[in-house]
Amino acid sequence: MRYLVVGAGVAGTSAIKEMIKVRDGKDEIVVFTEEPFPFYYRPRLIECLSGEVDVDDIIINDKSWFENNDIELHLEEKILSIDTSVKFVESDKAKTYYYDKLLLANGAHSFVPPIKGCKLKNVFTLRNGKDAEEIYSKVKNCSTAVVVGGGLLGLESAYNFAKAGLKPYVLEKSPYLLSQQLDEKGGKLLQKKLEDKNIEIMIEASTEEFIGSDKVETVKLEDGSTIDTDLVLLSTGVRSNIDLVADTPIETNRGIVVDSKMKTNVDSVFAAGDAAEYQGRVYGIWPPSMEEGKVAGKIMTGQKAEFNGFIPSHSLKIAGIDVVSIGELNKGGDYREEIILDNDIYVKVIEDENGEKVGAIIVGEYKDKKSLIDAIKG
Ligand SMILES: Cc1cc2nc3c(=O)[nH]c(=O)nc-3n(C[C@H](O)[C@H](O)[C@H](O)COP(=O)(O)OP(=O)(O)OC[C@H]3O[C@@H](n4cnc5c(N)ncnc54)[C@H](O)[C@@H]3O)c2cc1C
């Protein structure tokens, strides 16, 4: 059996780890990545922005791991097309590779919003090791950075810019931070805590244009105000890499559509991770990508497995600050809210008409966090 895996991220590598457990001596496993690095811990790329680590420090399985496990690893080789009837793929090295079973674990890319001036130098997105290296090479000569997008990734990036000695600004469109997870009081306390860490947060801030002659010099907002900057990081979401299958019968929506066995609608073709959409969802985070990869690897090698969806964690650390958002948050009617708010902690507990705790928001270090979460989980 010849297995081709497009993508050496967590989904692809987790699949391979399942394949080698049951591998027959004759089975071939071939994996492609368009990047120069083997499997690394992508979430830690953010730490590369402060210079505390570099990409080599976050490699999980290096080249020798692939060699020792008799896996043919193709670094810096991009798959350009797939022929699902004759069962082969073609790469940017003008090579053709046949498969018996194909796994598409080709991830996602950063979304670039249509803002004027996006092509100026020093306007970046952060998705891979090369992006991180390039940004850090500029950080050393910069004093200010603007992060467009106040989600988890944007806030963490700003924190790392601050650690590198830059003055970071975060531009967030919503009226308060993490408006999907928090309420206004929680969002405002988080903002204050980040500002105490030297991160400037601008809310209801829509970016109109990046201005500069060669590289970015100024960010202009829709309200007419401006911020002078040396660098911009766009942190405005990701999109699944579905272009690769555009000319095939493989079904896509936001991602490559898969069932609970990670099968696509085309025989012998599977997908997992950020590239895949399961029950209308592309998770876009590490743990379900790993789980989907494992399921794909098992099913491709004839083992039993099933993906049953994933509930994202409700407990986060953002720039070292505890943030919890769990359960029912915005119930009116008979639902009762108990709020503890001081300068340092915000806790909102929501109880139903029977006094059962059904939801909570926490910002800051709350000593009863664990028991509160346990009570809500039931
Ligand atoms: C900066 C950053 C911070 C993050 N922080 C967190 C976090 O805190 N928590 C969390 O849970 N998740 C986080 N994530 C998301 C998490 O990293 C992803 O969900 C996860 O890496 C997805 O894994 P994947 O294997 O599906 O795709 P990826 O890790 O994106 O791997 C895709 C692979 O496919 C290869 N590839 C793509 N196209 C081709 C092609 N045409 N030919 C050949 N190879 C190709 C790539 O080179 C790569 O090897 C973060 C992501 C980023 C970028």
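Counting restarts for each chain, with residues numbered from 1 along the sequence as it is written. Owing to the predicted nature of the model, reporting of local features is limited to residues with pLDDT of at least 70; listing and counting of side-chain atom pairs is limited to 80 or more, with chain, interface and lining totals taken over all residues. To get the side-chain values, take all heavy atoms of the structure and skip hydrogens and water.

### As for the overall build of the protein chain
The secondary structure content of the protein chain amounts to 8 helices and 27 strands. Radius of gyration: over C-alpha atoms. The globule rule applied is 2.2 Å multiplied by the number of residues raised to the 0.38 power. By the compact-globule yardstick of 21 Å for 378 residues, the protein chain fits well, its C-alpha radius of gyration being 23 Å. Based on the C-alpha atoms only, the size of the protein chain along its principal axes is roughly 65 × 60 × 35 Å. Each residue gets one of three labels from its accessible area relative to the maximum for its type: buried under 20%, exposed over 50%, partly exposed in between, using a 1.4 Å probe on protein chains only. When burial is assessed residue by residue, the protein chain has 52% of its 378 residues classed as buried. Throughout, a residue-residue contact means that at least one pair of heavy atoms, one from each residue, lies within 4.5 Å. Here the analysis covers contacts within the protein chain between residues at least 6 apart in sequence; of these, 59% occur between residues at least 24 apart. Surface exposure here means Shrake-Rupley accessible area, sampled with a 1.4 Å probe, where a residue is shielded only by the protein chains that are shown. Here the protein chain has roughly 17,900 Å² of accessible surface; of this, 44% comes from carbon and sulfur atoms. Only four residue types enter the charge count, namely Lys and Arg as positive and Asp and Glu as negative; His and the chain termini do not. Throughout, a charge is located at the NZ atom of Lys, the CZ atom of Arg, the CG atom of Asp or the CD atom of Glu. Counting 47 positive and 64 negative side-chain charges, the protein chain places the centres of these two groups 2 Å from one another. The numbering of helices and of strands both runs from the N terminus, where a helix is a DSSP run of H or I of at least 4 residues and a strand a run of E of at least 2.

### Brief notes about the site of the ligand
Here a residue counts as near a molecule or strand whenever at least one of its heavy atoms sits within 4 Å of it. What surrounds the ligand is a group of 29 residues, the closest being T33, R42, I79, R127 and D274. Considering the ligand on its own, with 990 Å² of exposed area, one finds that the protein chains cover 89% of that surface. Counting residues per element, the shell around the ligand draws most heavily on helix 7 (residues 286-300), which supplies 3 residues. A per-class count over the shell around the ligand returns 14 nonpolar, 8 polar and 7 charged. Each of domain 1 (2-109 + 238-300) and domain 2 (123-234) contributes no fewer than three residues to the shell around the ligand. Side-chain classes follow a simple rule in which Ala, Val, Leu, Ile, Met, Phe, Trp, Tyr, Cys and Pro form the nonpolar group, Asp, Glu, Lys and Arg form the charged group, and the remainder, Gly included, forms the polar group. Those domain boundaries reflect an automatic or database domain assignment.

### Overview of the environment of C118
Within the fold, C118 resides in the loop between strand 10 (108-110) and strand 11 (123-124). Along the sequence, C118 and I211 sit 93 residues apart, while their C-alpha atoms lie 9.1 Å from each other. Setting aside residues up to four positions removed in sequence, C118 forms contacts with V112, P113, V123, F210 and L234.

### As for the sheet that holds strand 12 (residues 144-148)
The strand order across the open sheet formed by 5 strands is 11-18-12-13-14, and the pairing between neighbours is parallel. Each end of this open sheet is capped by a strand with a single partner; those strands are strand 11 and strand 14 (200-203). One bridge is not enough; two strands pair if DSSP finds at least two bridges between them. Across 4 bridges, strand 13 (residues 167-172) lies against strand 14 in parallel orientation. Bridge pairing in strand 14 links L171 to M202. In this description, a line fitted to the C-alpha atoms serves as the axis of each element, helices being fitted only across the stretch in contact, and the angle between N-to-C directions of two axes falls anywhere from 0 to 180 degrees. Sheet strands touched by helix 5 (residues 152-163): strand 12, strand 13, strand 14 and strand 18 (231-234). Its angle to strand 13, the strand with the most contacts, is close to 165°.

### A few points about helix 6 (residues 184-196)
Working rule for helices: expected span equals 1.5 Å times residues minus one. If you check helix 6, its first and last C-alpha atoms are 18 Å apart, about what 13 residues at 1.5 Å a residue would give, namely 18 Å. Every buried residue of helix 6 is accounted for by G186, G187, L189, L190, Q191, K193 and L194. The secondary structure elements touched by the buried residues of helix 6 are helix 5, strand 14, strand 23 (315-318), strand 24 (321-327), strand 26 (346-351) and strand 27 (357-363). After helix 6 finishes, the residue N198 shows a positive phi value of roughly 75°.

### A look at the environment of L126
Among the structural elements, L126 can be located in the loop between strand 11 and helix 4 (129-139). C-alpha separation for the pair L126 and L234, spaced 108 residues apart in sequence, amounts to 7.8 Å. In contact with L126, not counting residues within four places along its chain, are L45, I46, L49, S110, D131, A132, I135, S157 and L233.

### Describing the sheet that holds strand 16 (residues 218-221)
Taken together, 3 strands build an open sheet; the order of strands is 15-16-17 and the sheet is antiparallel. For this open sheet the edge positions go to strand 15 (207-211) and strand 17 (226-228), each flanked by a neighbour on one side alone. Within this sheet the neighbouring strands show an average axis-to-axis angle of 20°, counted without direction. Bridge analysis of strand 15 against strand 16 gives 4 bridges, and the strand direction is antiparallel. Residue pairing in the sheet places F210 in a bridge with V219 of strand 16.

### Here's the deal with the packing of aromatic side chains
Pairing of aromatic rings covers Phe, Tyr and Trp, the last through its six-membered ring, and needs centres within 6.5 Å; plane angles under 30 degrees mean stacked, over 60 mean edge-to-face, and all others mean tilted. Throughout the structure, instances matching the rule amount to 9 aromatic pairs. With 5.9 Å between their ring centres and 10° between their planes, F39 and W286 make a pair best called stacked. Of this pair, F39 sits in strand 3 (residues 39-40) while W286 sits in helix 7, and the two are 247 residues apart along the sequence. Ring centres of Y41 and W286 lie 4.6 Å apart, and the angle between their planes is 90°; this geometry places the pair in the edge-to-face category. Placement of the pair is Y41 in the loop between strand 3 and helix 2 (45-48) and W286 in helix 7, with a sequence separation of 245 residues.

### Overview of the domain arrangement of the protein chain
Considered domain by domain, the protein chain is made up of domain 1 (2-109 + 238-300), domain 2 (123-234) and domain 3 (315-377). For domain 2 versus domain 3, the separation of C-alpha centres amounts to 28 Å. Note: buried area is the sum, over both parts, of the accessible area (probe 1.4 Å) each one loses when the two are combined. Regarding the contact of domain 2 and domain 3, the summed buried area is about 1,500 Å², with carbon and sulfur atoms giving 72% of it. It is D183, L189 and K193 in domain 2 that bury the most area against domain 3; as a group they hold 31% of the surface buried on that side. Two N or O atoms form a polar contact when they lie within 3.5 Å of each other; inside protein one atom must be a possible hydrogen donor and the other a possible acceptor, and for residues adjacent in sequence the pair counts only when both atoms belong to side chains. One can count 6 residue pairs in polar contact (both at pLDDT 80 or more) joining domain 2 with domain 3. Within the residue set of the side of domain 2 that touches domain 3, elements represented by two or more residues are helix 5 and helix 6. The element contributing the most residues to the side of domain 2 that touches domain 3 is helix 6, with 7 residues. Looking at the side of domain 2 that touches domain 3, its residues break down into 8 nonpolar, 2 polar and 6 charged.

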